[in-house]
Amino acid sequence: MTDPGLESAAVRVLELVRDGMRVGLGTGHATAVFLARLADRIRSGLHVVGVPTSEATAALARSLGIPLGALDDDELALTVDGADEVAPNLDLVKGFGGALVRERIVAAASRRQVILVGHDKLVDRLATRGRIPIEVVPFACRLVLRRVRALGLDPVVRLADGRRFISDNGNLTIDCGLATPLADARAARVLEADLRAIPGVVDTGLFLGTAERVLVGYPDGHVDVLQARR
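Procedures and definitions
Residues numbered from 1 in each chain as written. Predicted model: local features only at pLDDT ≥ 70, side-chain atom pairs only at ≥ 80, totals over all residues. Heavy atoms only, no water. Pairing = 2+ DSSP bridges. Helix = DSSP H or I, 4+ residues; strand = E, 2+ residues; numbered from the N terminus. Buried < 20%, exposed > 50% of the residue type's maximum accessible area, 1.4 Å probe, protein only. Salt bridge = Lys/Arg side-chain N within 4 Å of Asp/Glu carboxyl O. Arc of directions from axis to C-beta. Contact = heavy atoms within 4.5 Å. Phe/Tyr/Trp six-rings, centres within 6.5 Å; stacked < 30°, edge-to-face > 60°. Lys NZ or Arg CZ within 6 Å of the ring centre and 35° of its normal.

A. Focus on the sheet that holds strand β5 (residues 92-93). Judged by pairing direction, the sheet is antiparallel, and its 3 strands sit side by side in the order β4-β5-β13 without closing on themselves. Two strands in the sheet have a free side with no partner beyond their single neighbour: β4 (85-86) and β13 (206-207).

Here you go:
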(Lines give C-alpha, C1' and ligand atoms only; values in the text may rest on other atoms or scores of the structure.)
Protein backbone atom coordinates (compact mmCIF):
# COMPACT_ATOMS: atom_id res chain seq x y z
CA MET A 1 0.00 0.00 0.00
CA THR A 2 1.31 3.44 -0.95
CA ASP A 3 2.17 5.78 1.92
CA PRO A 4 1.60 9.34 0.62
CA GLY A 5 3.61 10.90 3.44
CA LEU A 6 6.68 8.75 2.93
CA GLU A 7 6.40 9.11 -0.84
CA SER A 8 6.37 12.90 -0.53
CA ALA A 9 9.23 12.86 1.97
CA ALA A 10 11.30 10.59 -0.30
CA VAL A 11 10.85 13.04 -3.16
CA ARG A 12 12.05 15.86 -0.88
CA VAL A 13 15.11 13.84 0.12
CA LEU A 14 15.97 13.36 -3.54
CA GLU A 15 16.47 17.13 -3.77
CA LEU A 16 19.63 16.60 -1.70
CA VAL A 17 21.07 13.98 -4.06
CA ARG A 18 23.43 15.31 -6.72
CA ASP A 19 24.97 13.64 -9.76
CA GLY A 20 28.13 11.71 -8.89
CA MET A 21 27.35 11.34 -5.17
CA ARG A 22 28.09 8.28 -3.08
CA VAL A 23 25.06 7.77 -0.87
CA GLY A 24 24.56 5.57 2.19
CA LEU A 25 21.38 3.51 1.95
CA GLY A 26 19.61 2.65 5.19
CA THR A 27 17.41 -0.32 6.05
CA GLY A 28 13.66 -0.60 6.51
CA HIS A 29 10.35 0.46 5.00
CA ALA A 30 11.07 4.18 4.74
CA THR A 31 14.37 3.54 2.99
CA ALA A 32 12.66 1.14 0.58
CA VAL A 33 10.32 3.97 -0.45
CA PHE A 34 13.34 6.22 -1.03
CA LEU A 35 15.13 3.52 -3.05
CA ALA A 36 12.18 3.23 -5.42
CA ARG A 37 12.21 6.96 -6.07
CA LEU A 38 16.02 6.98 -6.39
CA ALA A 39 15.80 4.19 -8.97
CA ASP A 40 13.38 6.33 -11.00
CA ARG A 41 15.94 9.14 -11.04
CA ILE A 42 18.72 6.77 -12.03
CA ARG A 43 16.67 5.51 -14.99
CA SER A 44 16.30 9.19 -15.97
CA GLY A 45 20.06 9.67 -16.06
CA LEU A 46 21.22 10.37 -12.48
CA HIS A 47 24.60 8.82 -11.66
CA VAL A 48 25.09 7.79 -8.03
CA VAL A 49 26.64 4.91 -6.12
CA GLY A 50 24.88 3.50 -3.06
CA VAL A 51 26.51 1.94 -0.01
CA PRO A 52 23.94 -0.34 1.68
CA THR A 53 23.62 -0.87 5.43
CA SER A 54 22.28 -4.43 5.15
CA GLU A 55 22.16 -7.42 2.83
CA ALA A 56 18.41 -6.84 2.48
CA THR A 57 18.97 -3.28 1.28
CA ALA A 58 21.70 -4.43 -1.08
CA ALA A 59 19.38 -7.02 -2.62
CA LEU A 60 16.56 -4.50 -3.04
CA ALA A 61 18.90 -1.90 -4.54
CA ARG A 62 20.28 -4.40 -7.06
CA SER A 63 16.75 -5.43 -8.07
CA LEU A 64 15.96 -1.76 -8.75
CA GLY A 65 19.13 -1.19 -10.78
CA ILE A 66 20.89 1.05 -8.26
CA PRO A 67 24.70 0.78 -8.59
CA LEU A 68 26.39 -0.28 -5.36
CA GLY A 69 29.82 0.26 -3.87
CA ALA A 70 31.60 -0.31 -0.58
CA LEU A 71 33.10 1.92 2.07
CA ASP A 72 36.50 3.18 0.98
CA ASP A 73 38.72 6.18 1.56
CA ASP A 74 36.15 8.64 0.19
CA GLU A 75 33.62 10.05 2.61
CA LEU A 76 29.98 9.52 1.66
CA ALA A 77 28.12 12.71 0.81
CA LEU A 78 24.89 11.62 2.46
CA THR A 79 23.16 8.73 4.19
CA VAL A 80 19.39 8.34 3.93
CA ASP A 81 17.86 6.09 6.57
CA GLY A 82 14.76 5.55 8.66
CA ALA A 83 14.25 5.44 12.42
CA ASP A 84 11.98 3.69 14.88
CA GLU A 85 11.65 6.70 17.18
CA VAL A 86 12.52 10.38 16.78
CA ALA A 87 12.68 12.64 19.85
CA PRO A 88 12.10 16.41 19.66
CA ASN A 89 15.88 17.05 19.70
CA LEU A 90 16.26 14.53 16.80
CA ASP A 91 17.87 11.83 18.95
CA LEU A 92 16.83 8.46 17.54
CA VAL A 93 16.10 4.88 18.40
CA LYS A 94 17.06 2.55 15.56
CA GLY A 95 17.61 -1.17 15.16
CA PHE A 96 14.13 -2.68 15.15
CA GLY A 97 15.07 -3.96 11.68
CA GLY A 98 18.28 -5.52 12.95
CA ALA A 99 20.86 -3.47 11.02
CA LEU A 100 21.95 -0.96 13.67
CA VAL A 101 25.72 -1.65 13.54
CA ARG A 102 26.09 -1.16 9.81
CA GLU A 103 23.70 1.78 9.96
CA ARG A 104 26.00 3.38 12.53
CA ILE A 105 29.12 2.72 10.46
CA VAL A 106 27.67 4.08 7.24
CA ALA A 107 26.29 7.15 9.00
CA ALA A 108 29.69 7.79 10.58
CA ALA A 109 31.29 7.57 7.13
CA SER A 110 28.91 10.25 5.79
CA ARG A 111 28.99 14.03 5.89
CA ARG A 112 25.32 14.08 6.86
CA GLN A 113 22.61 11.66 7.98
CA VAL A 114 19.09 12.42 6.79
CA ILE A 115 16.23 10.48 8.37
CA LEU A 116 12.97 9.71 6.60
CA VAL A 117 9.97 8.72 8.77
CA GLY A 118 6.22 8.70 9.00
CA HIS A 119 4.62 10.93 11.61
CA ASP A 120 3.94 7.91 13.85
CA LYS A 121 7.66 7.66 14.64
CA LEU A 122 7.69 10.99 16.49
CA VAL A 123 7.82 10.58 20.28
CA ASP A 124 8.12 12.95 23.22
CA ARG A 125 10.72 10.70 24.89
CA LEU A 126 12.92 7.90 23.59
CA ALA A 127 11.95 4.31 24.46
CA THR A 128 8.26 5.20 24.27
CA ARG A 129 7.83 1.89 22.44
CA GLY A 130 9.41 0.14 25.42
CA ARG A 131 12.68 -1.23 24.09
CA ILE A 132 16.20 -0.34 23.03
CA PRO A 133 17.95 -2.86 20.76
CA ILE A 134 21.60 -3.80 21.19
CA GLU A 135 23.78 -6.02 19.02
CA VAL A 136 25.76 -8.58 20.98
CA VAL A 137 28.56 -11.06 20.28
CA PRO A 138 26.97 -14.52 20.76
CA PHE A 139 29.74 -15.71 23.10
CA ALA A 140 28.85 -12.89 25.52
CA CYS A 141 25.08 -13.38 25.46
CA ARG A 142 24.60 -14.68 29.01
CA LEU A 143 26.96 -12.09 30.48
CA VAL A 144 25.20 -9.29 28.62
CA LEU A 145 21.78 -10.49 29.77
CA ARG A 146 22.94 -10.42 33.40
CA ARG A 147 24.52 -6.98 33.10
CA VAL A 148 21.47 -5.52 31.34
CA ARG A 149 19.20 -6.86 34.09
CA ALA A 150 21.52 -5.27 36.64
CA LEU A 151 20.82 -1.93 34.97
CA GLY A 152 17.12 -2.44 35.71
CA LEU A 153 16.11 -3.38 32.17
CA ASP A 154 14.31 -6.47 30.91
CA PRO A 155 16.44 -8.03 28.13
CA VAL A 156 15.01 -10.47 25.58
CA VAL A 157 16.99 -12.19 22.85
CA ARG A 158 15.26 -11.39 19.56
CA LEU A 159 13.78 -14.30 17.62
CA ALA A 160 12.88 -14.69 13.94
CA ASP A 161 10.77 -17.63 12.81
CA GLY A 162 11.23 -19.24 16.20
CA ARG A 163 15.03 -19.03 16.12
CA ARG A 164 17.51 -16.49 17.39
CA PHE A 165 17.73 -13.59 14.97
CA ILE A 166 21.25 -13.35 13.51
CA SER A 167 22.46 -10.01 12.17
CA ASP A 168 24.41 -9.62 8.94
CA ASN A 169 27.49 -9.48 11.18
CA GLY A 170 26.75 -12.90 12.71
CA ASN A 171 25.68 -11.40 16.04
CA LEU A 172 22.59 -11.58 18.23
CA THR A 173 20.15 -8.76 18.92
CA ILE A 174 18.89 -8.22 22.44
CA ASP A 175 15.88 -5.97 22.96
CA CYS A 176 16.27 -4.19 26.29
CA GLY A 177 12.84 -3.53 27.76
CA LEU A 178 12.16 -0.35 29.72
CA ALA A 179 9.20 0.08 32.05
CA THR A 180 8.98 3.79 31.24
CA PRO A 181 10.41 6.05 28.52
CA LEU A 182 13.74 7.77 29.11
CA ALA A 183 13.29 10.97 31.08
CA ASP A 184 15.39 13.24 28.87
CA ALA A 185 18.43 13.49 26.60
CA ARG A 186 20.81 13.12 29.54
CA ALA A 187 19.15 9.86 30.58
CA ALA A 188 19.57 8.61 27.01
CA ARG A 189 23.29 9.43 27.06
CA VAL A 190 23.77 7.70 30.41
CA LEU A 191 21.98 4.57 29.23
CA GLU A 192 23.94 4.49 25.99
CA ALA A 193 27.22 4.70 27.91
CA ASP A 194 26.13 2.01 30.38
CA LEU A 195 25.12 -0.39 27.62
CA ARG A 196 28.25 0.23 25.56
CA ALA A 197 30.40 -0.46 28.63
CA ILE A 198 29.16 -4.07 28.86
CA PRO A 199 31.73 -6.48 27.35
CA GLY A 200 30.27 -8.12 24.27
CA VAL A 201 27.92 -5.28 23.32
CA VAL A 202 28.88 -4.21 19.80
CA ASP A 203 26.54 -1.22 19.56
CA THR A 204 23.20 0.13 20.71
CA GLY A 205 20.12 1.43 18.94
CA LEU A 206 20.48 4.83 20.59
CA PHE A 207 21.61 7.21 17.83
CA LEU A 208 22.17 10.44 19.71
CA GLY A 209 23.08 13.59 17.81
CA THR A 210 23.67 11.80 14.50
CA ALA A 211 20.80 13.17 12.39
CA GLU A 212 21.31 16.43 10.53
CA ARG A 213 17.63 16.59 9.62
CA VAL A 214 14.47 14.49 9.77
CA LEU A 215 11.80 14.55 7.08
CA VAL A 216 8.41 13.59 8.49
CA GLY A 217 5.65 12.44 6.17
CA TYR A 218 1.93 12.72 6.97
CA PRO A 219 -1.02 10.79 5.50
CA ASP A 220 -2.20 13.79 3.48
CA GLY A 221 1.20 14.03 1.77
CA HIS A 222 2.44 16.96 3.86
CA VAL A 223 6.13 16.87 4.87
CA ASP A 224 7.76 18.57 7.85
CA VAL A 225 11.52 19.12 7.77
CA LEU A 226 13.08 19.11 11.23
CA GLN A 227 16.61 20.52 11.52
CA ALA A 228 19.07 19.63 14.27
CA ARG A 229 20.37 22.46 16.41
CA ARG A 230 24.17 22.32 16.61
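B. Region of interest: unusual backbone geometry. Phi at Ala 127 is positive, roughly 75°, even though this residue is not glycine. Mapped onto the elements of the fold, Ala 127 is located in the loop between β6 (113-118) and β7 (131-136). Using a relative accessible area of 1% as the deciding quantity, one classes Ala 127 as buried.

C. Molecular detail of the pattern of salt bridges. Counted by the stated rule, this structure contains 16 salt bridges. One salt bridge connects Arg 104 with Asp 203, and the closest N-O pair in it is separated by 2.9 Å. Of the two residues, Arg 104 is situated in helix α4 (residues 100-108) and Asp 203 in strand β12 (residues 201-204); the sequence distance between them amounts to 99 residues. Between Asp 175 and Arg 158 there is a salt bridge, with its nearest N and O atoms 2.7 Å apart.

D. Geometry of helix α3 (residues 55-64). Taken together, the buried positions of α3 are Thr 57, Ala 58 and Ala 61. Around the axis of α3, the buried residues are gathered within 100° of arc, so they sit on the same side. Opposite its buried face, α3 presents the exposed residues Ala 56 and Ser 63, each directed more than 90 degrees away. Against the buried residues of α3 lie β1 (22-25), α2 (29-43) and β2 (49-52).

E. Focus on the environment of Val 137. Along the chain, Val 137 falls in the loop between β7 and α5 (141-150). With a relative accessible area of 34%, Val 137 lands in the partly exposed category. The contact partners of Val 137, leaving out residues within four places of it in the chain, are Asn 171, Gly 200 and Val 202.

F. Broad picture of the packing of aromatic side chains. All told, the structure shown has 0 aromatic pairs when counted by the stated rule. The residue whose ring lies beneath Lys 94 is Phe 207, and the NZ or CZ to ring-centre distance is 5.5 Å. Directly above the aromatic system of Phe 207 lies the positively charged group of Arg 104, at a separation of 3.9 Å from the ring centroid.

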